[in-house]
Amino acid sequence: MQASQIGFNPLYAEDNPILEDISQLSGYAFLEFGAPWCEHCKAAQSAIEQTLKPLQFAHVKVYDGKGLSLGRTFKVRRWPTLILLKDGVELARVVRPTSTAQVNALLSSMSAG
């Protein structure tokens, strides 16, 4: 899956994964929906990078938009949406984070999952 990288993934891949790819992820992973031209996505990148860069989890960065079904499957309505997964199942999400504290809040969900 080209859209995936361990640690922080800086690029939205043009070849988006399908739901089956996501459901087959093992362990913890982050799924981020957005677009490279989105001002909210650009504003959130520093907080997301600071939190995810040192972690050894997959970061799947999905270029979302009209006609792309993965975002609709996860009921994404605003960008960026960052979702914490465990074994392909959603544990928690944050929408339009502006601080590392908001992104770090997802990590607290790991103890619940």
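Residues numbered from 1 in each chain as written. Predicted model: local features only at pLDDT ≥ 70, side-chain atom pairs only at ≥ 80, totals over all residues. Heavy atoms only, no water.

Engineer: Even after reading the chapter, I still don't get the pairing of strand E3 (residues 58-63), so can you show me in this structure?
Structural biologist: Across a regular strand the side chains alternate sides, sitting on one face of the sheet and then on the other. Burial of E3 is extensive: five of the six residues sit out of reach of the surface. Bridging between strand E1 (residues 4-6) and E3 involves three bridges; their strand directions are antiparallel. Each bridged residue has a counterpart across the sheet, and for Ile6 the counterpart in E3 is Ala58. For strand E2 (residues 28-34) and E3, the ladder comprises six bridges, and the chain directions are parallel. (Buried < 20%, exposed > 50% of the residue type's maximum accessible area, 1.4 Å probe, protein only. Helix = DSSP H or I, 4+ residues; strand = E, 2+ residues; numbered from the N terminus. Pairing = 2+ DSSP bridges.)

Engineer: Is there a simple way to explain the side chain of Asp64 in this structure?
Structural biologist: Looking at the secondary structure, you find Asp64 in the loop between E3 and helix H3 (69-73). Take Asp64: its relative accessible area is 2%, and that puts it in the buried class. Polar side-chain contacts of Asp64 include one of 2.8 Å to the side chain of Arg72. Among the polar contacts made by the side chain of Asp64, one reaches the side chain of Trp79 at a distance of 2.9 Å. Ignoring any residue separated from it by four or fewer positions in sequence, one finds Asp64 in contact with Phe33, Gly34, Ala35, Gly71, Arg72, Val76 and Trp79. (Polar contact = N/O pair within 3.5 Å; in protein donor to acceptor, adjacent residues only side chain to side chain. Contact = heavy atoms within 4.5 Å.)

Engineer: I keep staring at the side chain of Asn9 and nothing clicks. Help me out?
Structural biologist: Summarising the element assignment, Asn9 is placed in the loop between E1 and helix H1 (19-23). Here the side chain of Asn9 touches Leu11 through a polar contact of 3.2 Å, landing on its backbone nitrogen. If we skip the residues at most four places from it in the chain, Asn9 touches Ala3, Ser4, His59 and Lys61.

Engineer: Explain the environment of Val62 to me, please; I cannot follow it from the model alone.
Structural biologist: Considering the arrangement of structural elements, one finds Val62 in strand E3. When its relative accessible area of 2% is taken as the criterion, Val62 is described as buried. For Val62 and Ile6, which are 56 residues apart along the polypeptide, the C-alpha to C-alpha distance reads 15 Å. What Val62 contacts, discounting residues up to four positions off in sequence, is Tyr12, Asn16, Pro17, Leu31, Glu32, Phe33, Gly34 and Leu70.

Engineer: Looking at this structure, I do not really get helix H2 (residues 39-52). What am I missing?
Structural biologist: Each turn of an α-helix holds 3.6 residues, which means side chains three or four residues apart point in the same direction. Over its 14 residues, H2 extends 20 Å from the first C-alpha to the last, a length consistent with the 20 Å expected when each residue adds 1.5 Å. Along H2, the sharpest kink reaches roughly 40°, centred on Gln45. Within the sequence span of H2, burial applies to Cys41, Ala44, Gln45, Ala47, Ile48, Thr51 and Leu52. (Expected span 1.5 Å × (residues − 1). Bend = angle between axes of the 7 residues up to and from the residue.)

Engineer: I would appreciate a short explanation of the nonpolar core in the present structure.
Structural biologist: Generally speaking, nonpolar side chains in soluble globular proteins are found buried as a group. In terms of nonpolar packing, the biggest core is built from 20 residues, with Ile22, Leu31, Phe33, Val60, Phe74, Trp79 and Leu85 touching the most fellow members. Taken together, the elements giving at least two residues each to this core come down to E2, E3 and strand E4 (81-86). Here Leu85 is in contact with Ile22, Leu25, Gly27, Tyr28, Ala29, Leu31, Phe74, Glu90 and Leu91, once residues within four sequence places are set aside. Of all hydrophobic cores here, the second largest spans 15 residues; its members include Ile48, Leu55, Val94 and Leu106. (Core = buried A, V, L, I, M, F, W, Y, C linked by side-chain atoms within 4.5 Å.)

Engineer: Help me out: how do you make sense of the pattern of salt bridges in this one?
Structural biologist: Pairing of side chains with opposite charge becomes possible as their charged atoms draw close. Evaluation of the coordinates by the stated rule reveals four salt bridges. Here Arg72 ties to Asp64 by a salt bridge, and the two come within 2.8 Å at their closest N and O atoms. (Salt bridge = Lys/Arg side-chain N within 4 Å of Asp/Glu carboxyl O.)

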